[in-house]
Structure formats: C-alpha cells, structure tokens
Amino acid sequence: MSAPAVSCPTAGRALSRCARWWHNIWRRGGRGVASLEFAITAPVLLVLLGAGVDLGMLLRLQIVMASGLMNAVHYANLGGSSTTASALRSVMLDATGLNGMTVSVAGPGLYCPSSYPVVLTPLASGTTCPGATTTANSYVVITASYPYVPLMPGFSQLVATNVVQTANAMVQ
C-alpha cells in the first residue's frame, strides 16, 4: 500500500504540517498488516499441513500392508506346500482390514534365488540352479496392491498413490 505523492516544502510551518501528514500515513499504514500477512501465509500453511497428513496416511498404509504380508508369509511358512492361494489371500485381507485391496499369489513353485537383492527365477521340476551356488526351493510369491486416495487434490501428482508390496515365502 503506497502513500499518495505529496510535495513537502523545505522549511517553515508547512514542513511541520507535511511531517505530521507523513507521520499519520505511517501510523495508519500499520493497521491491517497482520491480517494481510495471515491471508498470504494461511493457504501455504494449510497446503503444507494437508500434504503432511497425506504423507502420514500413506506411510501408515504401507506399514499396514507390510504387516498383512508378514502375517501371510508366516501362515505360508507354517502351512508348507499345502497352503492355498485363497487361504493366503484371506489371511492378508483379514490382517489389514483394507477393502479394495488386490492380492495375487503365485506358487508354490520351484524357484532359484539369486544374491542380494533376491530375485526368484522360476525353474522346471528336476532342474538345478544355474551356477550351482544355491539350490532350488519351493516359494510362494505374494503381491498386494491398494489404491490410496489422497486428501489433497494435487498430492497424487507428486507421489505414487498406488501402494504395492511384494513378499517371497519359502515353503517346505
């Protein structure tokens, strides 16, 4: 907010009048500054708060899905090769309580694990692992995905909102 242009005299009584006028402008100019600053900063703070809440909810979803996968892997280890895909799917859905989650189960099948990070290579029965450094074992591969709907409209353009978790379980 700029003050109107005023030409002030350089000496005498008119100078004091001009100085009072500038003093009044200066004093009145401070009114409403706090509300203007709040109007400028409040939307920015609300967007940051909303993004923080969305990020926290997304991390919580990843933790819930990892916990459900851990329960399904534990169930597959205890059940052995008789574990069915539908049983693992229901364990995963019951452990997370997330409606709309897609769970796919591959196996049990014969796979050959590689070094870190572990990559499972499918094998035909009766064959050995290439390189003969590891032996083929029976594995179940569980993959779960859940579409997260963010609270903030533009958050889905910044972060991938389809949460996907995969786990490999050796069954015997």
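No experiment lies behind these values; they were computed from the predicted model shown.

A few words now on helix α3 (residues 85–96). Its 12 residues place the ends of α3 17 Å apart at the C-alpha level, agreeing with the 16 Å of an ideal helix rising 1.5 Å per residue. Among the residues of α3, A87, L88, V91, M92 and T96 are the ones counted as buried. In an axial view of α3, the angular spread of the buried residues amounts to 155 degrees, which keeps them on one side of the axis. Phi for G97, located one or two positions after α3, is positive at around 75 degrees.

Before going further, it helps to spend a moment on the environment of V171. Relative to the helices and strands, V171 is located in the segment after β4 (162–170). Residues V171 and T83 lie 88 residues apart in sequence; the distance between their C-alpha atoms is 8.6 Å. Contact partners of V171, with chain neighbours within four places excluded, come to A76, G80, S81, P108, S138, Y139 and V140.

Quick look at the nonpolar core now. Counting residues in hydrophobic clusters, the biggest one holds 25 residues, and the most contacted among them are M65, M101 and I142. Put simply, the parts of the chain that give this core at least two residues each are α2 (33–79), α3, β1 (102–113), β3 (137–147) and β4. Tallying contributions element by element places α2 first for this core, with eight residues.

This next bit is on the confidence of the model for the protein. Mean pLDDT for the protein: 75, with 69% of residues reaching 70 or above. Per-residue pLDDT, averaged within each element of the protein, yields its smallest value for helix α1 (residues 13–29) (62) and its largest for α2 (85).

Moving on, we get to the environment of T102. Structurally, T102 is set in strand β1. Judged by its relative accessible area of 49%, T102 falls in the partly exposed class. The spacing of T102 and P147 is 45 residues in sequence and 9.2 Å in space, taken between C-alpha atoms. Once residues within four sequence positions are removed from consideration, T102 is found in contact with T143, A144 and S145.

The rules behind these values
Residue positions within a chain follow its written sequence, with the count starting from 1. Under the rules for a predicted model, residues below a pLDDT of 70 receive no local features and side-chain atom pairs below 80 are neither given nor counted, while totals for whole chains, interfaces and linings still include all residues. Heavy atoms throughout the structure, all of them, feed into the side-chain values; hydrogens and water do not. Every helix listed is a DSSP run of H or I at least four residues long, and every strand listed is a run of E at least two residues long, numbered separately from the N terminus. Multiply 1.5 Å by the residue count of a helix minus one, and that product is the helix's expected span. Categorising residues by exposure relies on relative accessible area from a 1.4 Å probe, with only protein chains included: less than 20% of the type maximum marks a residue as buried, more than 50% marks it as exposed, and the intermediate range marks it as partly exposed. Summarising the geometry, the arc corresponds to the directions from the helix axis toward the C-beta atoms. In this description, contact between two residues means that some pair of their heavy atoms is separated by no more than 4.5 Å. Definition used in this section: a nonpolar core is a set of buried Ala, Val, Leu, Ile, Met, Phe, Trp, Tyr and Cys residues joined via side-chain atoms within 4.5 Å. The predictor's confidence in any single residue is recorded as pLDDT, a number from 0 to 100.

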